[in-house]
Amino acid sequence: KNIDYVYYMRALSYYEQISHEGLDGKYNTLALKNLQQVINRFPNSKYAKDSSQKIILVKSNIAAKHMTIARFYHKKKKYTAALNRYKIVVDDFSETKFTPEALYRISEIYFSIGMIDESSKTAAILAYNYPKSKWYEYSYNNLFKKEKDSIFSKTLGRIFN
């Protein structure tokens, strides 16, 4: 009769074992899988809405882990590894608060390695989707002003102004 509660409690047992993004992610995966199962099996249950909210938090935790790793690689100038992690955040965890920063960092890396067109396209995506974000402001202040006469700045000039 209360099978939805049983599934929810199992999901919660995994969810509550997540302490921070620095861990291996085993409980993130298990919590995500079990919370999704509550929603899929019992969409009208009183536990479905809470499961949805917890999924957002678990995904944010996973995205935070990817961002931490990406920043590490970025700092070490391992640009391919950093780009791959930032792209995971943008592609798989776009609903999290980390997406604007990931877009900014992707644009920054592209600019650093001379891929000006890709950098400006990524900055344009950031500007369009997150115009009030501090990462948009950083993009404008840091990247646009670096190369006033470059193709990059001309493209961004049309976007930002």
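Residues numbered from 1 in each chain as written. Predicted model: local features only at pLDDT ≥ 70, side-chain atom pairs only at ≥ 80, totals over all residues. Heavy atoms only, no water.

Novice: Just give me the short version of the packing of helix α3 (residues 46-75) against helix α5 (residues 99-112), but keep the residues and values in it.
Specialist: Between α3 and α5, whose axes approach to 12 Å, the crossing angle comes to 20°. As the angle between them shows, α3 and α5 are arranged roughly parallel. For α3 against α5, the interelement crossing comes out left-handed. For the pair α3 and α5, the contacting residues are Met67, Arg71 and His74 in the first and Glu101, Ala102, Arg105, Glu108 and Ile109 in the second. Class assignment for the residues of the contact of α3 with α5 results in 3 nonpolar, 1 polar and 4 charged. (Axes fitted to C-alpha atoms, helices over the stretch in contact; angles between N-to-C directions. Helix = DSSP H or I, 4+ residues; strand = E, 2+ residues; numbered from the N terminus. Parallel < 35°, antiparallel > 145°, perpendicular 65-115°, else oblique. Left-handed = near helix turned anticlockwise from the far one by under 90°. Contact = heavy atoms within 4.5 Å. Nonpolar A, V, L, I, M, F, W, Y, C, P; charged D, E, K, R; others polar.)

Novice: So, the packing of aromatic side chains: which residues are in play, and what are the values?
Specialist: The final tally for this structure, using the stated rule, is 7 aromatic pairs. On the numbers, 5.0 Å between centres and 85° between planes, the contact of Trp135 with Tyr138 is edge-to-face. Taken together, the residues span about one helical turn, with Trp135 and Tyr138 both in helix α7 (residues 134-144) at a distance of 3 residues. Judged by its relative accessible area of 12%, Trp135 is buried. (Phe/Tyr/Trp six-rings, centres within 6.5 Å; stacked < 30°, edge-to-face > 60°. Buried < 20%, exposed > 50% of the residue type's maximum accessible area, 1.4 Å probe, protein only.)

Novice: Explain the pattern of salt bridges to me, using residue names and the numbers behind them.
Specialist: Evaluated as defined, the whole model comprises 5 salt bridges. In this structure, the salt-bridge partner of Lys54 is Asp50, at a minimum N-O distance of 3.1 Å. Taken together, the residues Lys54 and Asp50, both in helix α3 and 4 residues apart, mark about one turn of the helix. On the basis of relative accessibility, which here comes to 26%, the residue Asp50 falls in the partly exposed class. (Salt bridge = Lys/Arg side-chain N within 4 Å of Asp/Glu carboxyl O.)

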